[in-house]
Amino acid sequence: MGGTGFREGDRRTGYINWDFPRMRRSNEARVPRLEPGMPTMTSFENMGFVANMVSLVLYFLEVMYFDLSHAANTLTNLMGAAFLLSLVGGFISDTFLTRFKTCLIFGTLEILALVLITIQAATHKLHPEYCGKSSCVKGGIKFMFYLSLYLLALGSGGVRGALPPLGADQFDRNNPKEEKALATFFNWLILSVTVGAAVGVTAIVYVSVNVGWYWGFFMCTVAAFLGFVVLVIGKPYYRLQTPEDSPILRIIQPNPWNVCTVTQVEEVKIITRMIPILASTVIMNTCLAQLQTFSVSQGNIMNRHLGSIEVPSPSVPVIPLLFMSILLPIYEFFFVPFARKITKHPSGITQLQRVGVGLVLSAVSMAVAGIVEVKRRNQAHKNPLEPISLFWLSFQYGIFGIADMFTLVGLLEFFYKEAPSSMKSLSTSFTWLSLSFGYFLSTAFVDIINAVTKKVTPSKTGWLHGFDLNANNLHLFYWFLAVLSCLNFVVYLYSASWYKYKSEEEKMVIRKSNVDDNITQDSRAMLIGTPTPVSTVQN
């Protein structure tokens with residue numbers, strides 16, 4: 001670690017700032033505390049991110065003149081790329097930079113992207129002319145449009161790969177009190193996301209739709225900038241893990257089974273066991289993509305009045321956000337202590353049980369979405385001047401909001417706890433990888449469904465073609481996803497029942513190492529707890 005300026009104590013623990021007075025270990029348990037800067041930063045950054053998630057489809061339709069399916073696919077591709085690129089942020093923060101520096105570097109890219117989007121939205125010459133095709137952007141307009149989206153995906157994705165593990169690093173899993181606090185942290189992290197998102201989908205979306213898109217994007221830019229300023233101010237209080245060799249690099253070495261240590265073998269096994277869990281959550285995130293694309297388009301042609309106030313359709317997701325804001329504290333303060341007394345588990349129920357509840361509710365949400373769309377479509381055909389209320393969408397949004405509360409927190413905690421210590425960031429990014437695959441799969445489903453149904457339906461048009469939802473069969477697409485979600489849940493049950501948590505597996509390996517003559521002395525020492533390298537500190 002030469003040239004880094006770390007103290008000898010830092011080398012032993014693998015963390016910077018661990019000897020800061022407020023972080024110093026003593027005979028008593030360190031009081032688990034997450035400095036307010038981190039959740040505050042999360043709230044600010046997600047104001048703009050979530051506002052864009054739910055409103056950009058209208059920006060693509062109304063300003064960039066994309067057709068319905070192209071606008072939906074552009075948004076899902078953007079979100080898919082953003083969450084996929086969280087792996088880059090996770091890998092860098094595990095291997096080359098601290099998680100804090102990684103957040104700042106990618107945060108700068110995110111702010112730059114928002115500045116470019118704001119400039120394009122504010123400059124009429126940078127808008128395309130209507131052409132009647134699926135996409136009207138071309139030339140310099142197209143270059144600036146996609147450059148800003150690529151930078152936004154890279155920046156926001158990188159931040160998401162490093163920030164959650166940075167917060168989780170503040171807790172010592174070897175301390176029982178802090179083990180419980182770690183589970184609490186992920187609940188509060190999602191609550192801070194929810195609060196910021198609620199502001200975004202109301203205030204920022206309202207400004208975007210009713211005042212001007214460039215003012216909405218400007219508010220997103222300012223909110224993100226303030227968030228990262230708050231994060232920087234809190235730096236002296238953070239416990240920062242030093243970068244180290246990633247298991248990914250060790251796993252891909254030549255002839256691995258001939259030269260790997262027992263630790264490396266265990267790392268491969270841990271990652272391999274995670275893959276079926278990761279794969280089983282992709283369909284749920286494909287369902288999520290519909291609530292940010294087609295459901296927003298539905299809301300845009302429904303009755304959006306609440307008394308004398310006209311509600312922007314992208315603001316409907318505030319309903320599940322309000323559900324989550326209320327239910328997360330109830331879950332934390334009432335359900336977890338009650339369940340903990342019964343199960344003796346620090347989180348009340350296991351992470352995989354929590355994910356399973358979310359998967360079931362996501363299937364219910366899609367079934368309800370199909371029913372609501374049938375009602376909306378029938379009324380539109382019967383009397384297009386009296387559409388049903390926008391708030392019929394609250395059923396599907398509310399149910400999915402509860403599903404997301406269970407699944408998202410469960411996955412973040414699961415991937416962080418189960419990962420080798422030297423790839424906590426990368427493993428936590430698997431949560432966002434699931435989101436990424438879900439968005440990309442949504443794009444693929446839309447294209448495939450359109451192509452297939454165009455050939456087999458009597459009208460010779462796809463379920464999701466063109467600009468007119470009233471001429472489409474969106475309800476069938478929702479029900480298709482509901483059936484697929486049920487089948488996926490069966491696969492998940494098998495994967496979850498097969499999974500063995502890391503702590504159980506480690507005990508088996510340690511017992512085996514005591515009688516296995518083929519294990520080297522160094523590997524045996526590593527497993528039974530003689531002076532440990534940095535990579536085993538947090539396991």
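Residues numbered from 1 in each chain as written. Predicted model: local features only at pLDDT ≥ 70, side-chain atom pairs only at ≥ 80, totals over all residues. Heavy atoms only, no water.

### Considering the overall build of the chain
Right, on to step 1. Across its full length, the chain holds 20 helices and 4 strands.
Right, on to step 2. In the chain, which comprises 539 residues, the share counted as buried stands at 57%.
Right, on to step 3. Sequence separation of at least 24 residues holds for 81% of the intrachain contacts in the chain that already meet a minimum separation of 6.
Right, on to step 4. Entry remark: accessible area of the chain is about 22,800 Å², with carbon and sulfur atoms responsible for 67%. (Helix = DSSP H or I, 4+ residues; strand = E, 2+ residues; numbered from the N terminus. Buried < 20%, exposed > 50% of the residue type's maximum accessible area, 1.4 Å probe, protein only. Contact = heavy atoms within 4.5 Å. Areas by Shrake-Rupley, 256 points an atom, 1.4 Å probe, with all protein chains shown as cover.)

### Here's the deal with a nonpolar patch on the surface
Right, on to step 1. A contiguous nonpolar patch, built from Val211, Tyr214, Trp215, Phe218, Val222, Phe225, Leu226, Val229 and Ile233 and spanning about 820 Å² of accessible area, is present on the exposed surface.
Right, on to step 2. Checked against the element boundaries, Leu226 lands in helix α8 (residues 213–233).
Right, on to step 3. We classify Leu226 as partly exposed; its relative accessible area is 39%. (Patch = residues over 30% accessible without salt bridge, like charges linked within 9 Å, V, L, I, M, F, W, Y side chains within 5 Å. Salt bridge = Lys/Arg side-chain N within 4 Å of Asp/Glu carboxyl O.)

### Thoughts on the pattern of salt bridges
Right, on to step 1. Summed over the entire model, instances satisfying the criterion amount to 6 salt bridges.
Right, on to step 2. In this structure, the salt-bridge partner of Asp94 is Arg99, at a minimum N-O distance of 2.9 Å.
Right, on to step 3. Judged by relative accessible area, Asp94 falls into the buried class, the value being 4%.
Right, on to step 4. Between Lys417 and Glu413 there is a salt bridge, with its nearest N and O atoms 2.8 Å apart. Remark: Glu413 and Lys417 occur in helix α16 (residues 394–418); sequence separation between them is 4 residues, near one turn of the helix. Of the two residues, Lys417 and Glu413, neither departs from the other in class, the shared state being buried.
Right, on to step 5. Each of Asp94, Arg99 and Asp169 takes part in salt bridges that share partners, so that together they form one network.

### Some words on α8
Right, on to step 1. Across its 21 residues, α8 extends 31 Å between first and last C-alpha, which sits within 8% of the 30 Å expected from 1.5 Å per residue.
Right, on to step 2. Among the residues of α8, Trp213, Gly216, Phe217, Cys220, Thr221, Ala223, Ala224, Gly227, Phe228 and Leu231 are the ones counted as buried. Buried residues along α8 cover an arc of 165° about the axis, so they all sit on one side. (Expected span 1.5 Å × (residues − 1). Arc of directions from axis to C-beta.)

### Looking at the side chain of Thr453
Right, on to step 1. Note on placement: Thr453 falls in helix α17 (residues 424–456).
Right, on to step 2. Apart from residues no more than four positions distant in its own chain, Thr453 is found in contact with Thr461, Gly462 and Trp463.

### What about the packing of aromatic side chains?
Right, on to step 1. Enumeration according to the criterion identifies 29 aromatic pairs in this entry.
Right, on to step 2. Between the aromatic rings of Trp392 and Phe395, the centroid separation amounts to 5.9 Å while the plane-to-plane angle is 45°, which identifies the pairing as tilted.
Right, on to step 3. The exposure class of Trp392 is partly exposed, given its relative accessible area of 34%.
Right, on to step 4. Pairwise contacts between aromatic rings join Tyr59, Phe60, Phe66, Phe145, Tyr146, Tyr150, Trp213 and Phe217 into one cluster.
Right, on to step 5. Above the face of the Tyr499 ring, Arg273 is positioned so that its terminal group lies 5.3 Å from the ring centre. (Phe/Tyr/Trp six-rings, centres within 6.5 Å; stacked < 30°, edge-to-face > 60°. Lys NZ or Arg CZ within 6 Å of the ring centre and 35° of its normal.)

### Considerations on the state of the cysteines
Every disulfide links exactly two cysteines, by a covalent bond between their sulfur atoms.
Right, on to step 1. Overall, the coordinates contain 1 disulfide when judged by the stated rule.
Right, on to step 2. Each sulfur of the disulfide joining Cys131 and Cys136 lies 2.1 Å from the other. Taking the sign of the S-S torsion, -95° for the link of Cys131 and Cys136, the bridge is left-handed.
Right, on to step 3. With relative accessibility at 6%, the residue Cys136 sits in the buried group.
Right, on to step 4. As a non-bridged cysteine, Cys287 has Cys486 as the owner of its nearest cysteine sulfur, 9.7 Å distant. (Disulfide = S-S within 2.5 Å.)

### Comments concerning the nonpolar core
Right, on to step 1. Of all hydrophobic cores here, the largest spans 137 residues; its most connected members are Tyr59, Phe60, Phe186, Leu231, Phe294 and Phe477.
Right, on to step 2. The element best represented in this core is helix α2 (residues 37–62), accounting for 13 residues.
Right, on to step 3. Once residues lying within four places of it in the same chain are set aside, the contact partners of Phe477 are Gln290, Phe294, Phe445, Val446, Ile449, Trp463 and Leu464. (Core = buried A, V, L, I, M, F, W, Y, C linked by side-chain atoms within 4.5 Å.)

### Let's talk about empty space enclosed by the protein
Right, on to step 1. One pass over the full model with this rule turns up 4 cavities of 30 Å³ or more.
Right, on to step 2. For the largest cavity, the lining is made up of 38 residues, of which Val50, Met53, Val193, Asp404 and Leu408 are closest to its centre.
Right, on to step 3. At the level of elements, α2, α6 (139–168), α7 (176–210), α12 (282–291), α14 (318–343), α16 and α17 are the ones that each hand at least two residues to the lining of the largest cavity.
Right, on to step 4. Per-element accounting of the lining of the largest cavity gives the leading share, 8 residues, to α16. (1 Å grid on protein atoms, 1.4 Å probe; cavity = no way out; pocket = protein on both sides within 12 Å on 5 of 7 lines; lining within 4 Å. Points joined across faces, edges and corners; volume = space filled by probe spheres on them.)

### Focus: the confidence of the model for the chain
Right, on to step 1. Confidence along the chain averages 79 in pLDDT terms, with 82% of residues attaining 70 or more.
Right, on to step 2. Here helix α1 (residues 8–13) is the element of the chain with the lowest mean pLDDT, 38, and helix α5 (residues 99–122) is the one with the highest, 94.
Right, on to step 3. Counting interchain partners and residues more than four positions distant, the pLDDT-below-50 stretch residues 1–13 has 16 contacts.
Right, on to step 4. Across residues 18–32, where pLDDT falls below 50, the model places 35 contacts with residues more than four positions away in sequence or in other chains. (pLDDT = per-residue confidence, 0-100.)

### Focus: the packing of helix α3 (residues 68–84) against α6
Right, on to step 1. α6 packs onto α3 with a crossing angle of 40° between their chain directions and a minimal axis gap of 7 Å. Comparing their axes, α6 and α3 come out oblique. Where α3 abuts α6, its residues His70, Thr74, Leu78, Ala81, Ala82 and Phe83 lie against Tyr146, Leu149, Leu152, Ala153, Ser156, Gly157 and Arg160.
Right, on to step 2. For the contact of α3 with α6, the class distribution of residues is 8 nonpolar, 4 polar and 1 charged. (Axes fitted to C-alpha atoms, helices over the stretch in contact; angles between N-to-C directions. Parallel < 35°, antiparallel > 145°, perpendicular 65-115°, else oblique. Nonpolar A, V, L, I, M, F, W, Y, C, P; charged D, E, K, R; others polar.)

### A closer look at the environment of Leu154
Right, on to step 1. Structurally, Leu154 is set in helix α6.
Right, on to step 2. In this structure Leu154 comes out as partly exposed when scored by relative accessible area, which is 26%.
Right, on to step 3. In the structure, Leu154 is positioned 41 residues away from Ala113 in sequence and 9.3 Å away in space, judged by C-alpha atoms.
Right, on to step 4. Those residues in contact with Leu154 that lie beyond four places of it in its chain are Leu85, Phe106 and Leu109.

### A closer look at unusual backbone geometry
Right, on to step 1. In the Ramachandran plot, Tyr65 falls in the positive-phi region, its phi being about 60° despite a non-glycine side chain.
Right, on to step 2. Take Tyr65: it is sitting in the loop between α2 and α3.
Right, on to step 3. Even without being a glycine, Lys344 presents a positive backbone phi close to 65°.
Right, on to step 4. Within the secondary structure, Lys344 is located in the loop between α14 and α15 (351–382).
Right, on to step 5. Residue classification places Lys344 among the exposed positions, given a relative accessible area of 66%.

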